[in-house]
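The lines below spell out each chain.
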Amino acid sequence: MNWVNEGFQLLGVKVLWTDLVGNVAALATVLLAIRRSIWTWPVQLTAAVLLFVTSLSAHITGNALKQLMFGALAVYGWWRWTRGTRSGQALAVRPATGWERLAMAGTMLLGTAAVGVLFFVTKLSWGALVPPPQGYLLVAADAYIFVGSAVATWAQGRALVDFWIIWVAVDLVGVPLAFSSGLVVSGAVYGVFFVLVLIGFFNWLKEYRSRTVLVPKEAV
């Protein structure tokens, strides 16, 4: 797969096309999600494929697994949104129910613990190579971001307004983690995502409220 290693030099650093296009596509998925466009899913699937092969080429197994997860959830979300937009109707968004919120919170809590142990034992998280207690915190942060990303994408597939809040919770850990690890560019990108996520949340919330005002409760 020589095409995976194709790129260009920028300020003395080689930039891979797969990495660049993959990250641009990932950013585009947020913009498309704000507009509730069905195109968010094929674009996300494309980003996942590109970043998967990039991660494998760079031997970053943990990130490659995350892209596999994003790819599978993109297929699920594509299917769900296609069903929800039949006959040209707009995607109906809604807040999660109490049980859905409890399930998502429980999944994030228990999932982070389980994935954290897996990442530590298999050394899939680079934090596993760092002496404790800092290493434990880094592995926990990696696991939390992984599980939170999965839960947020699942909730997005179900058109739940809450998925934006979950991304906020993920970014609150991801942004400082990137900067503290010396990944300034990644931290800046996460910061852009954070701003877009807030915009998306208020956009979806406004859409839901306008729909509930237009549709009488007894007609729902």
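Calculation notes
- Residues numbered from 1 in each chain as written.
- Predicted model: local features only at pLDDT ≥ 70, side-chain atom pairs only at ≥ 80, totals over all residues.
- Heavy atoms only, no water.
- Helix = DSSP H or I, 4+ residues; strand = E, 2+ residues; numbered from the N terminus.
- Buried < 20%, exposed > 50% of the residue type's maximum accessible area, 1.4 Å probe, protein only.
- Contact = heavy atoms within 4.5 Å.
- Areas by Shrake-Rupley, 256 points an atom, 1.4 Å probe, with all protein chains shown as cover.
- Core = buried A, V, L, I, M, F, W, Y, C linked by side-chain atoms within 4.5 Å.
- Phe/Tyr/Trp six-rings, centres within 6.5 Å; stacked < 30°, edge-to-face > 60°.
- Patch = residues over 30% accessible without salt bridge, like charges linked within 9 Å, V, L, I, M, F, W, Y side chains within 5 Å.
- Salt bridge = Lys/Arg side-chain N within 4 Å of Asp/Glu carboxyl O.
- Axes fitted to C-alpha atoms, helices over the stretch in contact; angles between N-to-C directions.
- Parallel < 35°, antiparallel > 145°, perpendicular 65-115°, else oblique.
- Left-handed = near helix turned anticlockwise from the far one by under 90°.
- Nonpolar A, V, L, I, M, F, W, Y, C, P; charged D, E, K, R; others polar.

## A word on the overall build of the chain
Helix and strand content of the chain: seven helices and two strands. The secondary structure elements of the chain, listed N-terminal to C-terminal, are β-β-α-α-α-α-α-α-α. With 220 residues in all, the chain has 41% of them scored as buried. Restricting to contacts in the chain with at least 6 residues of sequence separation, those with at least 24 account for 65%. A total of about 12400 Å² of accessible surface is found on the chain, and carbon and sulfur atoms cover 71% of it.

## Some remarks on the nonpolar core
Residues Met104, Phe163, Trp164, Ile166, Trp167 and Trp204 are the most contacted members of the largest nonpolar core, which totals 50 residues. It is helix α5 (residues 134-157) that contributes the most residues to this core, eleven residues altogether. Once residues within four sequence positions are removed from consideration, Trp204 is found in contact with Ala33, Ile34, Arg36, Trp81, Val93, Ala159, Leu160, Val161, Phe163 and Trp164.

## Quick notes on unusual backbone geometry
Residues Pro132 and Pro133 are joined by a peptide bond in cis, for which omega reads 5°. As for its placement among the helices and strands, Pro133 is situated in the loop between α4 (98-122) and α5. Within the chain, Arg36 stands out as a residue other than glycine whose phi angle is a positive 55°. Mapped onto the secondary structure, Arg36 falls in the loop between α1 (17-34) and α2 (40-57).

## Here's the deal with the packing of aromatic side chains
Per the counting criterion, the structure on display carries ten aromatic pairs. Plain terms: the ring middles of Trp41 and Trp81 are 5.4 Å apart, the flat faces sit at 85° to each other, and that makes the pair edge-to-face. Placement of Trp41 in helix α2 and of Trp81 in helix α3 (residues 61-84) is noted, with a sequence separation of 40 residues between them. Each of the two residues, Trp41 as well as Trp81, counts as buried. On the basis of an interplanar angle of 85° and a centroid distance of 5.8 Å, the ring pair of Trp164 and Trp204 is categorised as edge-to-face. Residue Trp164 is located in helix α6 (residues 162-180), and its partner Trp204 is located in helix α7 (residues 184-214); the two are separated by 40 residues in the primary sequence. By relative accessible area, Trp164 is classed as buried at 2%. With relative accessibility at 0%, the residue Trp204 sits in the buried group.

## As for a nonpolar patch on the surface
Taken together, the side chains of Val117, Phe120, Val121 and Tyr136 present a nonpolar region at the surface, about 400 Å² in accessible area. Of the residues forming the nonpolar patch, the biggest block, three residues, is contributed by α4. Its place among the elements puts Phe120 in helix α4. For Phe120, a relative accessible area of 32% puts it in the partly exposed group.

## Quick look at the packing of α2 against α5
Axis separation between α2 and α5 bottoms out at 12 Å; the angle between their running directions is 155°. On the basis of their axis angle, the class for α2 and α5 is roughly antiparallel. The element α2 and its partner α5 pack so that their crossing is left-handed. Contacts between α2 and α5 involve Thr40, Trp41 and Gln44 on the former and, on the latter, Thr153, Gln156 and Gly157. Each residue belonging to the contact of α2 with α5 can be placed in one class, and the counts come to one nonpolar, five polar and no charged.

Functional significance is not addressed by these values, which are geometric in nature.
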